[in-house]
Amino acid sequence: MKFWLFKSEPETWSWKDHCAVGVEPWDGVRNYQARNFMKEMSIGDLGFFYQSVKNPQIKGVVKIVKTYYPDPKDTRFGMVDLEAIETFLNPVTLKEMKKDSFLENLLLFRQSRLSVMPIPTNCWKHIVQLGNVDTNVKK
DNA sequence: GCCAACGTTGGC
DNA sequence: GCCAACGTTGGC
């Protein structure tokens, strides 16, 4: 099983929006590197929902429930379906992560414009602990 | 609101 | 195939 991170601006698509619908296709990715990561995803893999631009922070956890399929609007690109499964009671801010020596090599810092990326397993576990997960996303 | 980083487009 | 111009992302 692998771990990932997905970025979204809250004004475009927020964590609240995602929790309200449950499962949602992660479409609109128009970057080949990000697309290639999506092609590597398997059902059951987990990802962080990262809120970018406005108060950048990780809001919760999503699960890949459908593997990569092409976007009918542009078949060079595609999407995966993500289900919101856990909310962070304590969202983990970018600032906090940058200060954390445990996380210093994250792609998140090195390639700030990449919207989908892998997260190493040890970093994943560390961030989940910081986030203090609540499994009741509908609350 | 500014600006750095970086991906894409198009002229040559 | 190179590179300047331009557009977009995202941190601050």
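Since this is a predicted model, take the numbers as computed values, not measurements.

**Student:** Whenever I open this one, unusual backbone geometry confuses me. Can you help?
**Tutor:** Leave glycine aside and you will find that most residues have negative phi; peptide bonds, for their part, are mostly trans. Here Asn-55, not a glycine, exhibits a phi torsion of approximately 50 degrees, which is positive. Mapped onto the elements, Asn-55 comes out in the loop between strand 3 (46–51) and strand 4 (57–71). Positive phi, close to 55 degrees, is recorded for Asn-132, a residue that is not glycine.

**Student:** Before we go on, may I ask you to explain the pairing of strand 4 in this structure?
**Tutor:** For a regular strand, side-chain orientation follows a simple rule: the groups alternate between the two sheet faces. Sheet topology note: the strand 3/strand 4 ladder contains 6 bridges and is antiparallel. From the neighbouring strand, Gln-51 faces strand 4, where its bridge partner is Gln-57. Hairpin connection of strand 3 to strand 4: 5 residues between the antiparallel strands, including Val-53 at a positive phi of 70 degrees. In this sheet, strand 5 (residues 74–93) lies alongside strand 4 in antiparallel orientation, the contact comprising 11 bridges. Bridging from a neighbouring strand, Asp-71 pairs with Asp-74 of strand 5. The hairpin formed by strand 4 and strand 5 contains 2 residues between the paired strands.

Each value, and the rule that gives it
- Residues numbered from 1 in each chain as written.
- Chains lettered and ligands numbered in written order.
- Predicted model: local features only at pLDDT ≥ 70, side-chain atom pairs only at ≥ 80, totals over all residues.
- Heavy atoms only, no water.
- Helix = DSSP H or I, 4+ residues; strand = E, 2+ residues; numbered from the N terminus.
- Pairing = 2+ DSSP bridges.

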